[in-house]
Amino acid sequence: MTTRHRSSVPLVLTDEVADALAAGDPVVALESNVITHGLAYPDNAATARKVEQAVRSGGAVPATIGIDGGRILVGMTDPDIERFASTPGIPKVSSRDLPVVLASGGTGATTVASSLVAAELAGITFFSSAGIGGVHRGAETTMDISSDLVQFTRSKVAVVCAGAKKILDLGLTMEFLETHCVPVISYGFDDFPAFYCRSSGLRAPHRLDDETRIARAVDAHWALGAPGSVLVTSPTRPEDAIDSDAVEGAIAEALRGAEADGVRGGAVTKYVMRAVDRATEGRSAAANMAVLVHTAEVGGRVAAAHARLRREENR
């Protein structure tokens, strides 16, 4: 293990991650929230290992991020994954919560937003997630907007994902990204994907079919002085996707049920996702796992292309 300090923030890197960063090899950061707040044990641990293996298959080193004892873990060992997967009650830690959890010496599972903070501190330029947060339906009255979107305007980390969940207002999500100058590049696909649905029905602002060109676009964004992320989207494989119309019907019914049951705020997402899982007879859970693995492999490939580009430029 290697411990680094960024001011008063201790980062604990696994030897593999530290060696890769020192050598300029590709590294992809991963969130730990999918371990603690996703599937039940032991399926959550098995999925985390599959996601890490997918990053390796793409040609990069995985670095799952977590908070433990007031330290940021940059890369989890297998015992770390097993412990996070089997320990109940580990809280979800977003970037808002990060300083408090660190100061109190606590443990926590990182979200997209807090993982980006940790990745940038560690010098990791790529992060992979199944799907990002976004603007929620009804946000014009609730102001319910994911901190993921705000963090994209702050952290110089490229994000590889399968778009955002269809339960969100994806039109307003795209408007937010445009307003805040976050580039959205669809890799080999015309549309902005919707998590385990291949298309949101919205055309992506840019499409690139070559990993090296995506890597060049990432570097150009930062060279132009932009402070934040580049969003690279890749839809889940056709055989793993769920029909968009079927999901939309389940979402509409679930939102009506949430309103009738008085479900508000952050609880709405879990309520709706469970309803969609029931409506799809469990297929959405399998699709969720598939998109996690898919985006991790794509993230590994794009990070590897970026590392090759950097080496060529430094010759």
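First, a word on what this report is: a plain description of the structure on this page. (Residues numbered from 1 in each chain as written. Predicted model: local features only at pLDDT ≥ 70, side-chain atom pairs only at ≥ 80, totals over all residues. Heavy atoms only, no water.)

1. Here we look at unusual backbone geometry
Excluding glycine, residues mostly have negative phi values, and the peptide bonds linking residues are mostly trans. Heads up, the condition is: Secondary structure elements follow DSSP: runs of H or I of four or more residues count as helices, runs of E of two or more count as strands, with numbering from the N terminus.
Going from tyrosine 41 to proline 42, the amide bond is cis rather than trans, its omega being 5°. For methionine 143, which is not a glycine, the phi torsion comes out positive at approximately 60°. With respect to the secondary-structure elements, methionine 143 resides in the loop between α7 (139-142) and α8 (147-152). Phi at phenylalanine 195 takes a positive value of approximately 65°, unusual for a residue other than glycine. With respect to the helices, strands and loops of the structure, phenylalanine 195 is situated in the loop between β11 (191-194) and β12 (197-203).

2. Here we look at the nonpolar core
So the rule is basically this: Residues belong to a common nonpolar core when they are buried Ala, Val, Leu, Ile, Met, Phe, Trp, Tyr or Cys residues joined through side-chain atoms within 4.5 Å. Type-normalised accessible area, obtained with a 1.4 Å probe on protein chains alone, sets the label of each residue: buried when under 20%, exposed when over 50%, and partly exposed for intermediate values. Note on definitions: a residue-residue contact is assigned when non-hydrogen atoms from the two residues lie within 4.5 Å.
The biggest cluster of nonpolar side chains holds 85 residues, and the ones touching the most others in it are Ile72, Val74, Phe152, Tyr196 and Leu231. When residues of this core are assigned to their parent elements, the largest contribution, seven residues, is made by helix α13 (residues 283-313). Residues in contact with tyrosine 196, not counting those within four places in the same chain, are Thr236, Ala241, Ile242, Val247, Met273, Val276, Ser284, Ala287 and Asn288. One finds Ile35, Ala45, Ile90 and Ala109 within the second-largest nonpolar core, a separate group that totals nine residues.

3. Some words on the layout of surface pockets
We apply this condition: Points on a 1 Å grid, built from protein atoms alone, make a cavity when a 1.4 Å probe fits but cannot get out and make a pocket when they are open with protein on both sides within 12 Å along at least 5 of 7 lines; residues with an atom within 4 Å of a point are the lining residues. Grid points are joined across faces, edges and corners, and a volume is the space filled by probe spheres set on the points. When residues are sorted by character, Ala, Val, Leu, Ile, Met, Phe, Trp, Tyr, Cys and Pro go into the nonpolar class, Asp, Glu, Lys and Arg into the charged class, and all the rest, Gly among them, into the polar class.
The space that makes up the largest pocket amounts to roughly 1600 Å³. Put simply, the parts of the chain that give the lining of the largest pocket at least two residues each are α2 (33-36), α8, α12 (267-279) and α13. In the lining of the largest pocket, the residues fall into 14 nonpolar, 18 polar and 10 charged. In this structure, the second largest pocket encloses a volume near 360 Å³. Lining the second largest pocket are 15 residues, and of these Arg137, Thr142, Leu255, Val263 and Val268 lie nearest its centre. Taken together, the elements giving at least two residues each to the lining of the second largest pocket come down to α11 (244-261) and α12.

4. Quick notes on a positive patch on the surface
Cut-off, in case you're wondering: In this analysis, a patch consists of residues with relative accessible area above 30% that form no salt bridge, clustered at 9 Å for like charges and at 5 Å for the nonpolar side chains Val, Leu, Ile, Met, Phe, Trp and Tyr. Here, Shrake-Rupley sampling with a 1.4 Å probe gives the accessible areas, and only protein chains in the shown set may cover a residue. Should a side-chain nitrogen of Lys or Arg be within 4 Å of a carboxyl oxygen of Asp or Glu, the pair is scored as a salt bridge. In this tally Asp and Glu are treated as negative and Lys and Arg as positive; neither His nor the chain ends contributes. The atom standing in for a charge is NZ when the residue is Lys, CZ when it is Arg, CG when it is Asp and CD when it is Glu.
Judged by side-chain charge, Lys92, Lys270, Arg274 and Arg278 come together as a positively charged surface patch. Residue contributions to the positive patch peak at three residues, all from α12. Among the structural elements, lysine 92 can be located in strand β6 (residues 92-93).

5. With respect to the pattern of salt bridges
Considering all chains together, one arrives at 18 salt bridges under this definition. One salt bridge in this structure joins glutamate 16 and arginine 56, with 2.6 Å as the shortest N-O distance. Highlighted residues: glutamate 16 in helix α1 (residues 15-23) and arginine 56 in helix α3 (residues 43-57), separated in sequence by 40 residues. Overall, glutamate 16 belongs to the partly exposed group, its relative accessible area being 35%. By relative accessible area, arginine 56 is classed as partly exposed at 35%. Arginine 96 serves as the salt-bridge partner of aspartate 97, at 3.1 Å between the closest nitrogen and oxygen. A relative accessible area of 69% means that arginine 96 is categorised as exposed. A cluster of three or more residues bridged by salt bridges with shared partners is formed by Asp68, Arg71, Asp80 and Arg83.

6. A few points about empty space enclosed by the protein
Throughout the structure, instances matching the rule amount to two cavities of 30 Å³ or more. By volume, the largest cavity is sized at about 100 Å³. If you tally residues by element for the lining of the largest cavity, the top one is α13, at three residues. Residue classes in the lining of the largest cavity are distributed as eight nonpolar, four polar and one charged. Considering only enclosed or pocket space, the second largest cavity measures out at about 40 Å³ in volume. In terms of lining residues, the second largest cavity is bounded by Lys165, Lys166, Ile167, Ala194, Phe195, Tyr196, Val247 and Met273. Considered class by class, the residues forming the lining of the second largest cavity number six nonpolar, no polar and two charged.

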